[in-house]
Each structure stands twice: as structure tokens, then as C-alpha cells.
Amino acid sequence: MVYWKSWSFNVKFSLIAFFTTAVLSLISMGALGALLYYPVSFLFGSNPNLMDWGGDWVWPSVIMVGMLWSFGFVFGAVAWYYIQKITQSKALLIAAYLLILWLWAALLWCWMIKVNLDQMSQVH
């Protein structure tokens, strides 16, 4: 408990968000992963819409993206720590944190689509 009190609000928030999103992604049966697809979907314009996907790979992939996305909060906390040494601007720190969460979602979905591209093309 001594360590918890010594950590900054950012670290505490990020750890709570990490565990919460990891658990909720599993409990929601992939709803978080599906929701994460929509803010980054414009990057994958040539691929079919998420609702058009089919096959045994879709549901585990959506659950996995949601669970892996929780690590974005850890990455955001690390970035916050280092960026805070350069600037004290809360707006810049929050923007960097949110950008990292968005980029992590984009990278996860890019990887998931690339791994399953063959199965996606078989459906259509």
C-alpha cells in the first residue's frame, strides 16, 4: 500500500484502466474490440466492414484486440512520464496519451487484419 500512495495520479489511473479494460474486454465478449475498430476503420478502407466479416477468426480476434488494447494505458503512462519532463502542458500530455491509445488500436487492428487477410478474402 505504501507504493500505491507514492505513485502519481497518472500511474494509478493507467493501472486501473489497464486492468479494467482487460477484464471488461473479456466479459463484454469482444464489444470493446469491435468498438475500437470504428475510430481506426478509415485506415482499412479496402477491407470489408467489421459487420461483413465472417469465420472462426472474427470473435477471438475482436476479444484479443480489446484485451491487448489495455496495454495502451501502460504505454500512455510511460509516455506521459517522459513527455512531462519536457513540458508541463496538460493539454499536450493528454493529447499524447490519447494519441497513443488510438495508435495502439490502429496497430492492433492492422496486425489482426494482416494475419487474417486470407480468411477475410475467402468470405467475399
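Residues numbered from 1 in each chain as written. Predicted model: local features only at pLDDT ≥ 70, side-chain atom pairs only at ≥ 80, totals over all residues. Heavy atoms only, no water.

(A) Spatial organisation of helix α5 (residues 71–83). Over its 13 residues, α5 extends 18 Å from the first C-alpha to the last, a length consistent with the 18 Å expected when each residue adds 1.5 Å. Residues G72, F73, G76, A77, A79 and W80 constitute the buried set of α5. Taken end-on, α5 shows its buried residues confined to a sector of 165 degrees, consistent with a single buried face. Buried-residue contacts for α5 involve α2 (9–27), α4 (58–69) and α6 (90–115). (Helix = DSSP H or I, 4+ residues; strand = E, 2+ residues; numbered from the N terminus. Expected span 1.5 Å × (residues − 1). Buried < 20%, exposed > 50% of the residue type's maximum accessible area, 1.4 Å probe, protein only. Arc of directions from axis to C-beta. Contact = heavy atoms within 4.5 Å.)

(B) Fine view of the packing of aromatic side chains. Summed over the entire model, instances satisfying the criterion amount to 14 aromatic pairs. Between W69 and F73 the ring centres are 5.1 Å apart and the planes differ by 75 degrees, which places this aromatic pair in the edge-to-face class. Each member of the pair, W69 as well as F73, carries the same accessibility label: buried. What links up through ring pairs into an aromatic cluster is the set F9, F13, W69, F73, W80 and Y97. (Phe/Tyr/Trp six-rings, centres within 6.5 Å; stacked < 30°, edge-to-face > 60°.)

(C) Expanded view of the environment of T87. Residue placement: T87 occurs in the loop between α5 and α6. Between the C-alpha atoms of T87 and L103, which are 16 residues apart in sequence, the distance is 21 Å. With residues near it in sequence (within four places) discarded, T87 still touches L92 and L93. Within the structure, T87 has its side chain in polar contact with the backbone nitrogen of S89 (distance 3.2 Å). (Polar contact = N/O pair within 3.5 Å; in protein donor to acceptor, adjacent residues only side chain to side chain.)

(D) Region of the structure containing the nonpolar core. Counting 24 residues, the largest nonpolar core has Y37, L50, W53, W69 and W109 as the members making the most contacts within it. At the level of secondary structure, the elements contributing two or more residues to this core comprise α3 (31–40), α4, α5 and α6. Per element, the largest residue contribution to this core is 9 residues, and it comes from α6. When neighbours within four sequence positions are excluded, W69 is seen to be in contact with T21, L32, L36, L101, W104, A105 and L108. (Core = buried A, V, L, I, M, F, W, Y, C linked by side-chain atoms within 4.5 Å.)

(E) Up close: the confidence of the model for the protein chain. On average, residues of the protein chain carry a pLDDT of 87, and 91% of them reach 70 or more. When the elements of the protein chain are averaged for pLDDT, helix α7 (residues 117–123) gives the smallest value, 64, and α5 the largest, 95. (pLDDT = per-residue confidence, 0-100.)

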